[in-house]
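# Reading the structure
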Amino acid sequence: MDNNGLQEMTVPVEGVAGGGTAYGFNDAEPLKQSTDPSEVPTADLVNVWCMPNTVNVGSQETPRPLEPINLLAARNERESFQIAMRPKVSWAASSPSGSVQVQCSDLCSSAGDRLVVGQSLNLRRVVPVLGVPDALVPLDLPVSQLSLFPGETSVIWVSIDVPNRQPPGQYEGEIIVSAMKTDGGGSAHLGKHEKDQLCVELNNCLDIMEPIEGKPMDEVVERIKCASSSLRRILFSPSFSEFISTNGSTDMMEEDVVSNLSLRIKLRLTVWEFIIPVTPSLPSVIGVSDTVIEDRFGVERGSEEWYEKLDLHFKWLLQYRISPYFCKWGEGMRVLTYTSPWPADHPKSDEYLSDPRLAAYAVPYRQVIAGDDIRESYLRKEVEILRSKPHWKKAYFYLWDEPLNMEHFDSVRKMASEIYAYAPDARVLTTYYCGPGDAPLAPTPFESFVKVPNLLRPHTQIYCTSEWVLGNREDLVKDIVEELQTENGEEWWTYICLGPSDPHPNWHLGMRGTQQRAVMWRVWKEGGTGFLYWGANCYEKATVPSAEVKFRRGLPPGDGVLYYPGEVFSSSSEPVASLRLERLLSGLQDYEYLKLYESKYGRAEAMGLLEKTGVYTGPERYTLEHRPIDVLRGEVYNTCRPS
């Protein structure tokens, strides 16, 4: 990502708020002498401290002591933590308190092995959404600059990705924070890099505004808002700081900044022998709306640009150990789902579906791009090709989302019958949270829900039920599982959508970090063999890539949105992850730790470990603090590593 200069922004995300006020700004003892960063230690100007990745560090978070960072990670695992910064005084001439430079070193072992900055170690700035820390916007590496504001805590998310062939051992490095000196020289002369960046931003404004003739008024208004936001971002960039405020330019030369006055955060990472499996043990299938992509990026279905956009999203999401599927909803919650937008005989399909990081893939019931083939001939051809591939065991058909009445259930059975005519070994997945409302299967709603397999058999193999139905009654799991014929290949998966609500685990914006991570603890403890989430990019419709992101009305904030368009934050087209997506990944990695412990000591012992450490005992009883997570991971490390 190309972000030359200071990392400050006006971000068009619905409800984005820094939350900054001057309250508490003077609660630290003021300096009695100079505030010149070339004369005063950075620690006297800025509070810097570190926090675990499960903490939502808000803009009014109060400072804590700075301690060295000690992390544990398996190979093929991502571990992360947060660096918080809050100015004690102002050392700039006006608005921001001042700016800091953040510089990272490689992490090195005594054997000379390295985890390289920009490859294994990355920094992202935490940007609030609806006042809650959530968006993770990439920073320049190995050196970045950030503006700090009076009375506000700014946060950096530090991620370390350990390759699966990384030699085990102790790796050490440091992150250096230096307060930056401002001079009065102004910033009239722009370098080539800055000119290129400004050219990109201004061209984006032209692209937004030029095609407005004949457009509906609401779209014209939206485009004007986007252009205004982009222009405001340019005007408030460091390149124009001398015209907006009395700030001078900032010297970027790191050798002039890093000194014995800088603040150094010591970082130690223990990489151990365990390798997180490349193919996730738990298939976690998560929907990506192709309609949202088509609308926001202005790409026509089936065009070269359309395939490029879907390819970008698919490959980016694989790093989170999820198995993405694209989806389009139809009438009555009929849903077209597909993992590969290309036909089965296309080389790209084989590339997608053979990827070892993909644990499961959706096969479309009908053509993704309308063609001349009638549905039956298309389906037969696709299935015949896929059944001849080794990856067919990962295939499933997802035909209908949450059937509610007999007409819906009959539709599922009819479509499934067509599929079985060509592939008797096909797997059909059906999500549901109730039985048919117009033909109860039992006296009570829950009993009717439990009897759904009797209604769908043999037209469904993966029975995917809502966690909302269970509430806090984990004992009800056995009632569900007892209805399944696992000996005939039937599986039980779970999903979350809208509910369950607080205090149960979910990924709503504003929930606790451990509550979001606990989604996968719950899946492991309940024993489901797969997991589904309905949408990762399902925000309100927009027709401009950089348009304001709005959560869908009627849903809890964040529901159906796990990442943001990169264009909202910069000129980069790479998606921007949410903290919730990172915690989803952490939960899936915890799942692999528990699987490892279970494989060595049995499920009962692994269940005991999860509970005795206080990490998770039930949907309303899980840790609110991070330390029990470290204790659990440490116990797996100590008992499962080679002697």
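Where an unreviewed UniProt entry is consulted, the protein chain appears under the name Glycoside hydrolase 123 catalytic domain-containing protein, with the organism given as Arabidopsis lyrata subsp. lyrata.

A few words now on the overall build of the protein chain. The number of helices and strands found in the protein chain is 18 helices and 25 strands. Residues classed as buried in the protein chain amount to 56% of the 643 residues present. Restricting to contacts in the protein chain with at least 6 residues of sequence separation, those with at least 24 account for 77%. For the protein chain, the accessible area works out to roughly 26200 Å², and carbon and sulfur atoms hold 51% of it.

The next point concerns the confidence of the model for the protein chain. On average, the protein chain scores 88 in pLDDT, and the residues at 70 or more come to 87%. Here residues 241–254 scores under 50 on pLDDT; set against residues more than four positions off or in separate chains, the count is 36 contacts.

The next subject is the environment of Val 636. For Val 636, the position within the fold is in helix α18 (residues 627–640). Ignoring sequence-local partners within four residues, the contact set of Val 636 consists of Trp 272, Tyr 593, Leu 596, Tyr 597, Leu 609 and Arg 641.

Our next topic: helix α16 (residues 579–601). Taking 1.5 Å as the rise per residue, α16 with 23 residues should run 33 Å; its terminal C-alpha atoms sit 33 Å apart, in good agreement. In terms of residue burial, α16 counts as a mostly covered element, since 18 of its 23 residues are buried. In the stretch just after α16, Gly 602 is the one whose phi turns positive, near 95°.

Counting residues in hydrophobic clusters, the biggest one holds 100 residues, and the most contacted among them are Trp 272, Trp 392, Phe 397, Trp 507, Phe 531 and Val 636. Among the elements that make up this core, the one with the highest residue count is α16 (nine residues). Two domains each donate at least three residues to this core, and these are domain 1 (42–183 + 260–273) and domain 3 (284–579). Sequence-distant contacts of Phe 397, defined by excluding residues within four places in its chain, comprise Val 363, Pro 364, Leu 379, Val 383, Trp 392, Ile 419, Ala 426, Arg 427, Val 428 and Leu 429. In this structure, Ile 69, Ile 83, Val 117 and Val 158 belong to the second largest nonpolar core, which totals 37 residues.

Another point: the environment of Lys 348. Within the secondary structure, Lys 348 sits in helix α8 (residues 347–354). Beyond its immediate chain neighbours, meaning those up to four positions away, Lys 348 contacts Asp 311, Lys 315 and Trp 342.

Between side chains of opposite charge, a pair can form as their charged atoms come close. All chains considered together, the criterion is met by 41 salt bridges. As a salt-bridge pair, Arg 268 and Glu 172 come within 2.8 Å of each other at their nearest N and O atoms. On the criterion of sequence distance, the pair formed by Arg 268 in strand β12 (residues 263–275) and Glu 172 in strand β11 (residues 169–179) is long-range, its members being 96 residues apart. Assessed through its relative accessible area of 37%, Arg 268 is described here as partly exposed.

Let us look at the sheet that holds strand β10 (residues 154–161). Pairing within the open sheet is antiparallel, and its five strands lie in the order β1-β3-β10-β7-β8. Where the open sheet ends on each side, the last strands, each with one partner, are β1 (46–52) and β8 (132–138). Strand-to-strand twist of the sheet, defined as the mean angle between neighbouring strand axes without regard to direction, takes the value 30°. As paired elements, β1 and strand β3 (residues 78–87) share seven bridges and run antiparallel to each other. Pairing of Pro 52 across the sheet is with Phe 81, part of β3. α16 rests against β3, β7 (121–129), β8 and β10 of the sheet, and its axis sits at about 85° to β8.

Cut-off values and rules
- Residues numbered from 1 in each chain as written.
- Predicted model: local features only at pLDDT ≥ 70, side-chain atom pairs only at ≥ 80, totals over all residues.
- Heavy atoms only, no water.
- Helix = DSSP H or I, 4+ residues; strand = E, 2+ residues; numbered from the N terminus.
- Buried < 20%, exposed > 50% of the residue type's maximum accessible area, 1.4 Å probe, protein only.
- Contact = heavy atoms within 4.5 Å.
- Areas by Shrake-Rupley, 256 points an atom, 1.4 Å probe, with all protein chains shown as cover.
- pLDDT = per-residue confidence, 0-100.
- Expected span 1.5 Å × (residues − 1).
- Core = buried A, V, L, I, M, F, W, Y, C linked by side-chain atoms within 4.5 Å.
- Domains from an automatic or database assignment.
- Salt bridge = Lys/Arg side-chain N within 4 Å of Asp/Glu carboxyl O.
- Pairing = 2+ DSSP bridges.
- Axes fitted to C-alpha atoms, helices over the stretch in contact; angles between N-to-C directions.

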